[in-house]
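Chain by chain, the residues run as shown.
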Amino acid sequence: MNEMVELGKSLAEVRETFRGGRTRGVAWRKTQLRAIIKFLTDNEDQIFKALEQDLGKHPVEAYRDEVGVVKKSANLALNCVEKWMAPKKGHIPLLFFPSKGEVLPEPFGVVLIFASWNFPISLSLDPLIGAISAGNTVVLKPSELAPACSSFLASALPSYLDPKAIKVIEGGTDIAEQLLQEKWDKIFFTGSPQVGRIVMSAAARHLTPVTLELGGKCPTILDSLSGSSDMEVAVKRIAGAKWGACSGQACIATDYVLVERKNAYILVDLLKKIIQRFYGENLKNLKNLSKIVSKHHFDRVRKLLEDPIVAASIVHGGSVDEENLTIEPTILLDPPLDAEIMTEEIFGPLLPIISLDNIQESIEVINSRPKPLAIYAFTKNEAFKKQILTQTSSGSVTFNDVMVHFVCDTLPFGGVGQSGFGRYHGKYSFDAFSNEKAILQRSFLIELEARYPPWNDFKMQFLRLAYSFNYIGLVLLYLGLKRTSR
Amino acid sequence: MELEYGKKEVFDAETASAMMKELRDAFGNGKTKSFEWRVSQLESLLKIANNHEKEIIDALCSDLSKPELESFVHEIALMKSSCKLALQELKHWMTPQKVKTPITTFPSSAEIVSEPLGVVLVISAWNYPFLLSLEPVIGAITAGNAVVLKPSEVAPATSSLLAKFLGEYMDSSAVKVVEGAVPETSVLLEQKWDKIFYTGNGRVGRIVAAAAAKHLTPLVLELGGKSPVVVDSDVNLMVAARRIIVGKWGCNNGQACIAPDYIITTKDYVPKLVDALKLELEKFYGMDPLNSEDLSRIVNSNHFARLKKLLDDDKVSGKIVHGGQMDEGILKIAPTILLDVPEDSLIMNEEIFGPLLPILTVDKVEASFGMINSRDKPLAAYLFSNKKKLKEEFVKTVSAGGLAVNDTSLHVAVSTLPFGGVGESGMGAYHGKFSFDAFSHKKAVLYRSFAGDAPARYPPYTPAKLRFLKALLNGDILGIIRALFGW
């Protein structure tokens, strides 16, 4: 009960702060962005520790995917926020002369951010940077499945950021439901489609716009590559992105690989070698591999392997360590396409390889499933690239690499269909939390009589010409030289 | 090819799923994505407007007694210029947009590709039944989607005209019209769409949003709200009055989502403003406005009764300073001005959507912005003033979908400005390129080469890799070199 009272107070406070107007100023926004950078710099070790606790993430991985990436976003926002805030001119037709048109971004107001547990720092702070840059007040709810990160954010952030404008509220489903009862001006959600639906339904009651960052089965197409070194680079990138980013627990991790039959065994062999190079032999000592976040998810991933036909398709790994919640990097060759492992998002260190007679068939395989957040394709065939681009649909497409589009701030990051909607990163984060207000400024000079009733044929004729921007016709009409038709 | 649902009298779940299958097939085979298809469909829409102007004007006259000039200017001409703009710009809009890539992903190149969302639903409104149906359809087609249009049953003549002509002129495998009311709309909303574009009110908007949530369908909601007009005392009074009148009564007799809903002005200035409005109203619509052919009627008896109720409110009686005449037989209500109605009256607590215009007064004009911001965010807000500071303050502090200074409603016709609401007035925007964007997915595409493979990305992780990554993500070139050489 006390919690509810606290929550109510926090909300009242952020609303009041927004109304007060200080978050609209560029100074406030910059101060907060600088504070985020300082927070990351001061607390790097604590963040590494929390990530180690929640997910067994190695500091290098933690820096690459969480601390570094957020610092980069904050720095970019800090450098660009003034430019982003400036109104954009809109071209106005001569007919409206004299007038001025512009689009002015304004903050939505009080926004809610739901972060997820797999990148508990960056998926909390990256959207927060967008919300702050756009001048909103924010309630951030980190995921309760990464409790160390959640409580660290809740305890440390308030001493860096304006505590009356930015609140971290911790909690599980009950608190999330409580938050969803409230009226927000925007909700930004990262998580699963299933919870995404709940969030969207709740938002519907208040007509709140939402951004949904969901996941999906992101395929990697591996075409025949001429050089063996290219093949090695490709496989290394695939392996790095499958197991090297939170052990496959990433919304843009490779979910499965599509490859021509003749290359399947080459791929498996290369993957095995690379796994060994990356992680060694000892499953009990996988320091470089994140653990599975919870017992629940551990069981979920393990269950994917239990189907006997699926189990029979394992060509590497498959062992699990329940005590440490780790699952060995596991490769499966041609599990049945209707098995759960091929219908559900895997979100774990299992990598099915689907072999095809012809690599072109991969387009069909992809299109027979919901639209993924990302598609990856290793190919040097330009025609095939074009085909992938035009015949499939996904949040993004990356050629000859995996996951790196995430750090490319000039590209919008977001899904389509089952993988969500709305986008962020860089300027898109600012846009995601801004209302683009259209402004037309007119003067009292020059009145077009034809705008006003009583209507007559002259006015009709005038407007016909005006709408086709036939200025010569207009002049002739005024001079009485143009015949009024109709 | 005549399909079942074309003949059946009821549009039920079965017919709907047959229709969806046909549309999915049409989209799936890729024809709607081609530049040529989009152009041909836009040209067909133009042909409908060009070949059937008379029928369109007649339908609008039958549904709303809309004056011919209004029908032409606000519905046909606007729709045509949208079509022409789309035809002219389509190539340009479809071209992928190149973007820079950071050093972090070097060597690489990147672009943003606009791709159609798939099969989309447009539910339109009765007040501008032609324009508000086809303007979103233009966006949907321009972006390469298959589209179903559900025109409003409250404007039946236009609805059946759209069904007929779109059926005749458009590619019927990918562009369809479903006519009907609540039951048909409910069946449509149960289907899985890739985008829903709804124009109407907040109550139905919530129903649409809840239905969309089930399928994770993105939405554009074009709603309304009480759009205020603030009038300062230093303005060209005649021009201001005329611009207010044409935005209020000259736009479907107030039945427009961006029509001025109420005026706020100062106590000192209000007598002059009321006089000017009266004078210009008389010039425009004569002494007997109920019989003026230049005013639309109220759409139906439900809405007539709703508006009558607003005036019957005890708190409002005696506040009418102009107009007030009504004729239920011809569903006409004269331009009506009310002065100083209480803020808790019915008329000040719902969108009026009709020819009634309350005026509220304040001591100082500056106080009006606070009044506006204390209410739900409107679709539009207007200010008449010559003071630079006041204009700046207005633009900065008043939150609304769109603002116009020293005019009303005209911002809608500017295709370079996004048109859409915020908060209670909706979400998402359209018009011009914004319509194309509303129906497109912006696909991020990154091209990498096989070269430039930084070992630091891969395990096993070492402190040197951490140093390198720090430099790389900070875009610190010297740092990168230092880390590479192990300094």
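Quick caveat: nothing in here was measured; it's all calculated off a predicted structure.

### Re the confidence of the model for chain B
Residues and elements named next belong to chain B. Chain-level statistics for chain B give a pLDDT mean of 93 and a share of 95% at 70 or above. Note that pLDDT drops below 50 for residues 1-8; the model gives that stretch 10 contacts with residues more than four away or on any other chain. With pTM at 0.94, the complex prediction returns an ipTM value of 0.92.

### Some remarks on the UniProt feature "active site" (unreviewed entry) in chain A
All names here are of chain A. The feature "active site" (unreviewed entry), as annotated in UniProt, sits at Glu213 and Cys251 in this numbering. In terms of the greatest pairwise C-alpha distance, the residues named above, spread along 39 residues, form a tight cluster of at most 8.8 Å across. Within the secondary structure, glutamate 213 sits in strand β7 (residues 210-213). As for its placement among the helices and strands, cysteine 251 is situated in the loop between α9 (228-243) and β9 (256-260). With a relative accessible area of 15%, cysteine 251 lands in the buried category. Every residue in contact with cysteine 251, bar those within four places of it in the chain, is listed here: Asn118, Leu214, Gly215, Gly216, Cys218, Glu345, Phe347 and Leu373.

### Notes on the side chain of A:Lys57
Residue and element names in this part refer to chain A. By the secondary structure assignment, lysine 57 is in the loop between α3 (44-55) and α4 (59-85). On the basis of relative accessible area, lysine 57 is assigned to the buried category, the value being 0%. Reaching out from lysine 57, the side chain makes a polar contact with the side chain of glutamate 66 at a distance of 2.6 Å. Beyond its immediate chain neighbours, meaning those up to four positions away, lysine 57 contacts Leu51, Glu52, Ala62, Glu66, Asn118, Phe119, Cys246 and Ser290.

### Overview of the pattern of salt bridges
Pairing between side chains of opposite charge can happen when the charged atoms of each approach one another. Scanning the entire structure with this criterion turns up 55 salt bridges over all chains. One network of salt bridges, in which partners are shared, links A:Lys295, A:Asp299, A:Arg302 and A:Glu322.

### Quick notes on the UniProt feature "active site" (unreviewed entry) in chain B
Residue and element names in this part refer to chain B. As recorded in UniProt, the feature "active site" (unreviewed entry) lies at Glu222 and Cys257. Sequence-wise these annotated residues cover 36 residues; spatially they are packed, their C-alpha atoms never more than 8.8 Å apart. Assignment of secondary structure puts glutamate 222 in strand β7 (residues 219-222). Look past the residues within four positions of glutamate 222 in its chain and what remains in contact with it is Phe197, Tyr198, Thr199, Gly200, Phe419, Gly420, Gly421, Ser425, Gly428, Ala429 and Tyr430. Mapped onto the elements, cysteine 257 comes out in the loop between α10 (237-248) and β9 (260-266).

### Things to note about the domain arrangement of chain A
Segmenting chain A into domains produces domain 1 (2-214 + 425-436), domain 2 (219-414) and domain 3 (447-485). A C-alpha centroid distance of 52 Å is found between domain 1 of chain A and domain 3 of chain A.

### Side note on the side chain of A:Ser396
Counting through the fold element by element, A:Ser396 comes out in strand β16 (residues 396-399). Of the residues examined, A:Ser396 reaches a relative accessible area of 3% and is grouped as buried. For A:Ser396, the side chain forms a polar contact with the side chain of A:His405, separated by 3.1 Å. Not counting residues within four places of it along the chain, the set of residues in contact with A:Ser396 comprises A:Leu373, A:Ala374, A:Ile375, A:His405, B:Lys443 and B:Ala444.

Basis of the calculations
- Residues numbered from 1 in each chain as written.
- Chains lettered and ligands numbered in written order.
- Predicted model: local features only at pLDDT ≥ 70, side-chain atom pairs only at ≥ 80, totals over all residues.
- Heavy atoms only, no water.
- pLDDT = per-residue confidence, 0-100.
- Contact = heavy atoms within 4.5 Å.
- UniProt positions renumbered as here; feature names shortened; annotations may be inferred.
- Helix = DSSP H or I, 4+ residues; strand = E, 2+ residues; numbered from the N terminus.
- Buried < 20%, exposed > 50% of the residue type's maximum accessible area, 1.4 Å probe, protein only.
- Polar contact = N/O pair within 3.5 Å; in protein donor to acceptor, adjacent residues only side chain to side chain.
- Salt bridge = Lys/Arg side-chain N within 4 Å of Asp/Glu carboxyl O.
- Domains from an automatic or database assignment.

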